[in-house]
Amino acid sequence: MSDYEKVKFVLVLMVGSQITRLFPLLVNSQRVNRILSRNKETLGLLVTISVLLYMLKNLAFEMESLIIISSAVMTFLIQYLFGMLLISLLAGSLVYFFSIGIL
Amino acid sequence: MSLGFKEIFIKSAPIALSYLILGGAFGAIFASKGGTPIEAFFISLSCYAGAAQFLAIEFYKADFSAWLLFASVCIINLRHIIYGLNLISYFPRGIVRIYLLSSLTDESFGISGLYDKEKLTKKNWMLIFGLNHFYWVFGCVLGSILNSQSDSFNRYANVLLVFFFTSVLANIIRTKRTA
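Residues numbered from 1 in each chain as written. Chains lettered and ligands numbered in written order. Predicted model: local features only at pLDDT ≥ 70, side-chain atom pairs only at ≥ 80, totals over all residues.

Q: Got a minute to help me understand the overall build of chain B in this structure?
A: Each helix and strand counted, chain B has 10 helices and zero strands in total. A compact globule built from 179 residues should have a C-alpha radius of gyration of about 16 Å, and chain B, at 17 Å, falls within 12% of that. Along the three orthogonal principal directions, the C-alpha set of chain B runs to about 55 × 35 × 25 Å. When each of the 179 residues of chain B is scored for burial, the buried share is 48%. A sequence separation of at least 24 residues applies to 86% of the contacts in chain B between residues at least 6 apart. (Helix = DSSP H or I, 4+ residues; strand = E, 2+ residues; numbered from the N terminus. Rg over C-alpha atoms; globule rule 2.2 N^0.38 Å. Buried ≥ 20, exposed ≤ 12 C-beta atoms within 10 Å, placed from the backbone. Contact = placed C-beta atoms within 7 Å.)

Q: I would appreciate a short explanation of helix α7 (residues 95-102) of chain B in the present structure.
A: Every α-helical turn comprises 3.6 residues, leaving residues that sit three or four positions apart pointing alike. For α7(B), every residue scored as buried is listed here: B:Arg97, B:Leu100, B:Leu101 and B:Ser102. Next to the buried residues of α7(B) lie α1 (3-26) of chain A together with α6 (79-87) and α9 (122-146) of chain B.

Q: How should I be thinking about the packing of α1(A) against helix α5 (residues 66-76) of chain B in this particular structure?
A: When two helices pack together, their arrangement is given by the angle between the helix axes and the distance between those axes. Axis separation between α1(A) and α5(B) bottoms out at 8 Å; the angle between their running directions is 30°. On the basis of their axis angle, the class for α1(A) and α5(B) is roughly parallel. Viewed along their axes, α1(A) and α5(B) form a crossing whose handedness is right-handed. Judged by residue contacts, A:Lys8, A:Val12, A:Leu13, A:Val15, A:Gly16, A:Ser17, A:Ile19 and A:Thr20 of α1(A) engage B:Ala66, B:Leu69, B:Phe70, B:Val73 and B:Cys74 from α5(B). (Axes fitted to C-alpha atoms, helices over the stretch in contact; angles between N-to-C directions. Parallel < 35°, antiparallel > 145°, perpendicular 65-115°, else oblique. Left-handed = near helix turned anticlockwise from the far one by under 90°.)

Q: What is the right way to look at the confidence of the model for chain B in this model?
A: Parts of the model with low pLDDT should not have their predicted coordinates read in detail. With 93% of its residues at a pLDDT of at least 70, chain B reaches an overall mean of 84. Complex prediction metrics read pTM 0.75 and ipTM 0.80. (pLDDT = per-residue confidence, 0-100.)

Q: Sorry if this is basic, but what is going on with the interface of chain B and chain A here?
A: You'll often see interface size given as the accessible area lost when the parts meet. Taken together, the contact between chain B and chain A spans 56 residues of the former and 51 residues of the latter. The biggest single contributor to the side of chain B that touches chain A is helix α10 (residues 151-178) of chain B, with 17 residues. Split into classes, the residues belonging to the side of chain B that touches chain A amount to 38 nonpolar, 12 polar and six charged. (Nonpolar A, V, L, I, M, F, W, Y, C, P; charged D, E, K, R; others polar.)

Q: Help me out: how do you make sense of unusual backbone geometry in this one?
A: With the exception of glycine, most residues fall at negative phi, and the peptide bonds are largely trans. Residue and element names in this part refer to chain B. The backbone phi angle of Tyr 48 is positive, close to 50°, even though this residue is not glycine. Summarising the element assignment, Tyr 48 is placed in the loop between α3 (37-46) and α4 (50-57). Under the C-beta neighbour-count criterion, Tyr 48 is labelled buried, with 24 such atoms within 10 Å. A positive phi angle, close to 60°, is found at Asp 63, a residue other than glycine.

Here it is in structure tokens:
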């Protein structure tokens, strides 16, 4: 690639990735705010669930997927019951590695 | 209420781990395609988009289609519009808001769910998003310098992200219950 093409590559990538992020600046945020104000937390919950489902899209009925799901359930329970983020992630990772090691 | 650096740093630790691994994987693959650490630095600093950056590697060759790259990146990043609309009212006004929007990623959106967003100050927002940005840039540059690929590392980074979002989900439900 020539230097010109490299600069073009970075610029296209930069504009392409920033245009969607800066889009909310263009819309009337007050109006959107009014629409979203009642359901903001619920929307956050829905978006988080969607992201999680998107991440799990490649799961199949196989042992590793089951291990990931069960480790994730344990992570969820620790965070939900005790509110300890790092501990929940470490516990999930430990169970994952331990189970993969046994396999 | 202003949060301290220590609290924000501890909460950002899972992001640091996954970003260093994923960013490292991007840097390594990018370097194997002929990219330099300086290019990896500028791409990760200005684009800061995980999936889009991995996709862009396929276009990193002479005579690439700029329009196709642009359209593909826009489509992949469409979800950022929802994230932005959801968070924009919490962001402080001015140049800080532009930075926060331009550095909005899945993980930054997720980690904001761990805080009481109404109470975050301008400094807190900058620290939360700035730390994540730093981890990503550092991981990408480090990966392009070390140039070593590891599938198991990459796989663990993705699993860790699943655990992270599970924790975020649990935290949102927990907060809703106690509110």
